[in-house]
Structure formats: structure tokens, C-alpha cells
Amino acid sequence: MKIAIGADHGGFELKKNIIASFADAEFIDVGCTGPEACDFPDYADAVAEKVALGEVDFGVLVCRTGMGMTMAANRFQNVRAALCLDAGTAELARQHNGANVLCMGADKTDAAQAAEILTAFVSTSVDEAERHVRRRAKIERARRLSDFSGLAHDDPEVYAAIKAQVTQEDTEINLIASENTSSRAVRLAAGSVLMNKYAEGYPGKRWYSGCLPVDAAEELARKRACELFGADHANVQPHCGSSANMAVYFATIKPGDTILSLSLDQGGHLSHGSPVNFSGKLYNIVPYTVDRATERIDYDALEKQALEVKPKILLTGASAYPRALDFKRIREICDKVGCIMMVDMAHIAGLVAGGAHESPVPYADFVTSTTHKTLRGPRGGLVLCKEKWAKAIDSAVFPGMQGGPLENIIAAKAVCFREWMQPEMKDYAAQVVKNCKAMCKAVQDRGWRIVSGGTDNHLFLVDVKGTKGITGKDAAAALDAAGIVVNKNTIPYDTESPFKCSGIRVGTASITTRGMKEAEAALIGGWIADILDDITNTAVQAEVKAKAAALTAKFLVP
Ligand SMILES: *Cc1c(COP(=O)(O)O)cnc(C)c1O
């Protein structure tokens, strides 16, 4: 058994006695080393850090009352420090609260009592009864107010805005296909001091001094991205998905060159050539469309068009395409045309990372992505490419289009990539798709037409106009009133204005993050149909909203 132990001058003598009298343990003594006056939080931090890192089984802290040590140690997440005055309290602190740091007060506790308390503490196991597990989990919950409580004091107005977002995430059913809920670890890295550093350039080749810490973070992000996706090279600096795409265009083609990409109103993205976006202004964009009958990409038609148009880049990937993409077939087309194969996997990156969608990486010259959609990381962009493009893409990002990178966000990307290397993320990715199919079927079974007849990924599109003559805008507003958040979306060959749209887009990444499975997904699908069946019926909306609140209360956002 390993115990980290620390004390200030008030607890110095008792600490010595504890170490001498307790032969069962290997003590790691963090100090202090003499009776001279010192500051207790320094030792509380040293012990609490070892407990948080998992380097020791327990921590022990001693000062005169034990109270200052308890307060300081409890500032660490996953540290539960308990002030114990007798063996009985020590037992309960372990059993119920899962305490892992024992604090004692030298004024009230002598060496014999201390040995008795410590024996009780280390020999009592933690009670795994459901109610205790639940209560302990609530202490450590990532989006407790205490997580960002520093702002309550420093900036109450911003605190209120963040608290409102926390409440919203807790209580709504978020089905926005491009959103997800990042982990505390991702958010901690994103909010870290790495944001303070200017680091123009790349690890080992920076324009500023003092870049060793950010070099370490960016190197981790690049290495992990390559390992996770099996890529030759990764550039983790793009601030967002759109700038990742811009970087690829800048690295490969000239203004006026031709890009063949999926039409925006059929599921493509702004940065794939919309006339209001830089991509549409700088390049000659030729859109391809899905097949009118199947509402899927017709690869033979795409090949024919590509051979006619002779684009420099064939760009696939979408914001609203519910079907699997055939990357092998797309590679064949690119080889026949002699053009660059670029895949924007922004929406499906998490499914690719978790093995629930085929990876484009072995086929494509470039794969771009966001890191915040199914990938569940911080808001940001990513480019993966073959080795021969490494230099070109790096110069396109910096100095081509960006200055200093956001190293805090890059660190958060590294955290996200590591999370995806854990085996349970494979289950997550598979569950996102299972949930999507279950929800889609529930809506479809109630008579609503689903674009392309179903889904292979994390999203599906409901043709609300075609089914019942309502607009996507009105459908989304009615669902919102019931606590179900989706977005209006154009569907292939849409006859409505882009402001109103004929469809809604529904995604399951976020509800899967909070632990929902097929049963809940199907239930929500039924509620969606309840609302859509009569979008002006506010009584049904109120009923669903109450049911949604009861459901979300059972599935805490982690
Ligand atoms: C979301 C998305 C992007 C860009 O995302 P931003 O980070 O908002 O710039 C790019 N491509 C596709 C296909 C997307 O869905």
C-alpha cells in the first residue's frame, strides 16, 4: 500500500509518529521537513496531486486542526479529503463517500489515535451500493457548478451565461447532428494556460522562444491524430473545419481552378463552394447532385461528370448526407480523372475513429475534419494527408493563412484523440449509429418520409414538406417548444426557400454521449412524430416536454 503523506509545522510531529508506527505502508513523504513555519496548501497540493494522478492508494494530511488541509486538498478533482477525529468517522468517510485522503488535526489527535484512525481508513472498502455510487458520481460530475465556479466570483455575468448553457444541455434533447458534448478533460485542456503562448510555426521550428510546453502538446496531438486515423501526416492547427478546407485548396490549386463538390442544398458544406463563401468566390465550383430517385450519390454518374469536368479536386463529404460513402469507388474515379481526392469527414470523423464508418484515410490524398462533431473534441479543424503533401499543407496553414495557433485547443484535440484510443469509444460510435437507425425507424413507421429511405450514420433527414406540407422551419420550432432541438435543413431537389426548407436534420451523437440507447432513441422518435403530426398543438408539445424532462433527468450529461 502506497500512501502520500504531508504536514505543515503544526502537524510535523504527528506525521513523524504516523510514519514510524504504521509499518504496513510505503510512505511518500512530501514534507514539511522540520518544525519551521510553512504554508499548509503547498503540502495539501503535493499529496492531492499524487492521489489525482493515481500514483498512490491514499493520501494523509496533518495540520493543527486538519481543516485547512481538507479545504485545500478538496480543490482537486477526484480527490475526496475527509477530516476524521475518530475511527468510526474514518470508516464512514470511506464506505459512503469513497474518501481517498485522510486529514487529521494534531491538536485533538495523539499518535495512538492517529494510528487507529488510519487503520480504520485504509482497511474499510468503499460501498458500491447504487445510491452511494450515484451520490459519489454527483460529487465528481463534470458539469457541476463547481467546475466553473471560479467565474461566479470573478465575472458573474459570464458565469450566468455558462450556467444557462449547462442547464440547457442537461434538460434538452439535443439532436443537432453537428453537435456533441465534450468531456471535462477536453474542456480543461481548452481552457488551460496553453492559450497564453504565441507559437507561430511548428514544433521544433517556432518563431518565438519558450515554446517547449506547447511543442509537447502539439507533438502529442499530431502523433495521436496520425495513430488514431492511420495517417502519414497531420496538421492540427486549423481553427475550424472551413479553414482546414481552405488550407487544402491553398496547398494544391490556384484561384480559378475547378473543384467538383456536392451541391450545398443537397448536403454539401458552405466551404465546398457556396457562392457566398470564399470557396465559391475563389474557385470554379462545379456541383454534383444525388440521384433524384434514390437520393444517394450515383457513382457512375459522378464518374461521367468528373471525366467531363476534369476537376483538379474531387471533394466528397457532407453536412447532411445520411448514407455511407464509398471511398474505394471515389478513389477509382479520381485515378481515372487524375485529380486530387479530398474527403471532408467533419460529420463522420467520430464514426471513422470508432470503426462505425469506413475510413477515407487509406484512399484520399487529403482528409479534412472538424474535431467537435461526432469526434466529440474541442471546436476546431484538422487535416490529414499523405506524406508527399506534408510540407505543402503545413505552409498553407502557416504562414499561408493563419498566424499563431490555438495551442490550448490543440492540447484539447490531443486529449480527444487519446479518448478515442480507449476501447469503449468503439461501442460509442456503434451505438450512435444504432440509435440513429432506431430513431429514424420510429419516425418512419409513423408515416414520415425519410430522405433516401433511411440512414447508415449518425443523422437522418425527414421530408416534412413532402409528407405533410409543413416547412422545416415550422417543424423545428414546434419540436423546440417540446424540448427537442433539431435544425431545419434543405433536402435534395428542395422546392422551399433555404430559409424555410422542406426538411429537418436529426442526429444522435449527443444523446448517445449521455448514455441513451435504442429504446430511448425510439421513444424520442415517437415523440418527434407526435409533435409533427400536429405542429400547432401546444398541449402535445407541453406533454412531450414533460416526458423529455423526465427522460433527460435519468441520463446525465457526463
Ligand atoms: C461543419 C462542417 C465544416 C466546417 O465547420 P466549421 O468548423 O464550422 O468551419 C466543414 N465541412 C463539413 C462537411 C461540415 O459539416
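What counts and what doesn't
- Residues numbered from 1 in each chain as written.
- Predicted model: local features only at pLDDT ≥ 70, side-chain atom pairs only at ≥ 80, totals over all residues.
- Heavy atoms only, no water.
- Helix = DSSP H or I, 4+ residues; strand = E, 2+ residues; numbered from the N terminus.
- Buried < 20%, exposed > 50% of the residue type's maximum accessible area, 1.4 Å probe, protein only.
- Phe/Tyr/Trp six-rings, centres within 6.5 Å; stacked < 30°, edge-to-face > 60°.
- Lys NZ or Arg CZ within 6 Å of the ring centre and 35° of its normal.
- Domains from an automatic or database assignment.
- Axes fitted to C-alpha atoms, helices over the stretch in contact; angles between N-to-C directions.
- Parallel < 35°, antiparallel > 145°, perpendicular 65-115°, else oblique.
- Left-handed = near helix turned anticlockwise from the far one by under 90°.
- Contact = heavy atoms within 4.5 Å.
- Nonpolar A, V, L, I, M, F, W, Y, C, P; charged D, E, K, R; others polar.
- Salt bridge = Lys/Arg side-chain N within 4 Å of Asp/Glu carboxyl O.

**Some points on unusual backbone geometry**
Thinking step 1. Residue Cys-32 is bonded to the preceding Gly-31 through a cis peptide linkage, with omega at 10°.
Thinking step 2. Within the secondary structure layout, Cys-32 lies in the loop between strand S2 (26-29) and helix H2 (40-53).
Thinking step 3. A cis geometry characterises the amide bond from Phe-398 onward to Pro-399, with omega recorded as 10°.
Thinking step 4. Tracing the backbone shows Pro-399 in the loop between helix H16 (390-397) and helix H17 (407-420).
Thinking step 5. A positive phi angle, close to 50°, is found at Lys-310, a residue other than glycine.
Thinking step 6. For Lys-310, the position within the fold is in the loop between helix H13 (299-309) and strand S12 (313-316).
Thinking step 7. Residue Lys-310 is classed as exposed on the basis of its relative accessible area, which comes to 58%.
Thinking step 8. Even without being glycine, Cys-501 reaches a positive phi, approximately 65°.
Thinking step 9. When you line up the elements, Cys-501 lands in the loop between strand S18 (487-489) and strand S19 (503-507).

**Re the packing of aromatic side chains**
Thinking step 1. The full count for this structure, using the stated rule, is 8 aromatic pairs.
Thinking step 2. Grouped by ring-pair contacts, the aromatic residues Tyr-249, Phe-278 and Tyr-283 constitute a single cluster.
Thinking step 3. Its guanidinium or amino end placed over the ring of Tyr-428, Arg-376 lies 4.4 Å from that ring's centre, counting from NZ or CZ.
Thinking step 4. Over the aromatic face of Phe-499 sits the side chain of Lys-488, whose NZ or CZ is 4.2 Å from the ring centroid.

**Observations regarding the domain arrangement of the protein**
Thinking step 1. Taken domain by domain, the protein holds domain 1 (2-127), domain 2 (189-420) and domain 3 (425-552).
Thinking step 2. When each unit is reduced to the centre of its C-alpha atoms, the spacing between domain 1 and domain 2 is 50 Å.

**Overview of the packing of helix H22 (residues 518-533) against helix H23 (residues 538-554)**
Thinking step 1. Across the interface, H22 lies against H23 with an axial gap of 10 Å and an inter-helix angle of 165°. If you check the angle between H22 and H23, you find them roughly antiparallel. Both H22 and H23 take part in a crossing whose hand is left-handed. Along the contact surface, H22 presents Glu-520, Ile-524, Trp-527, Asp-530 and Ile-531, while H23 presents Val-540, Gln-541, Val-544, Lys-547, Ala-548 and Leu-551.
Thinking step 2. Within the contact of H22 with H23, the residues separate by chemical class into 7 nonpolar, 1 polar and 3 charged.

**Topic: the pattern of salt bridges**
Where charged atoms of side chains with opposite charge meet at close range, the side chains can pair.
Thinking step 1. Tallied over the entire structure, the rule returns 29 salt bridges.
Thinking step 2. Glu-128 is the partner of Arg-136 in a salt bridge, and the nearest nitrogen-oxygen pair spans 3.5 Å.
Thinking step 3. Arg-136 gets classed as buried once you look at its relative accessible area, which sits at 10%.
Thinking step 4. Look at Glu-128 and you get exposed, because its relative accessible area is 57%.
Thinking step 5. Asp-365 is the partner of Arg-331 in a salt bridge, and the nearest nitrogen-oxygen pair spans 3.2 Å.

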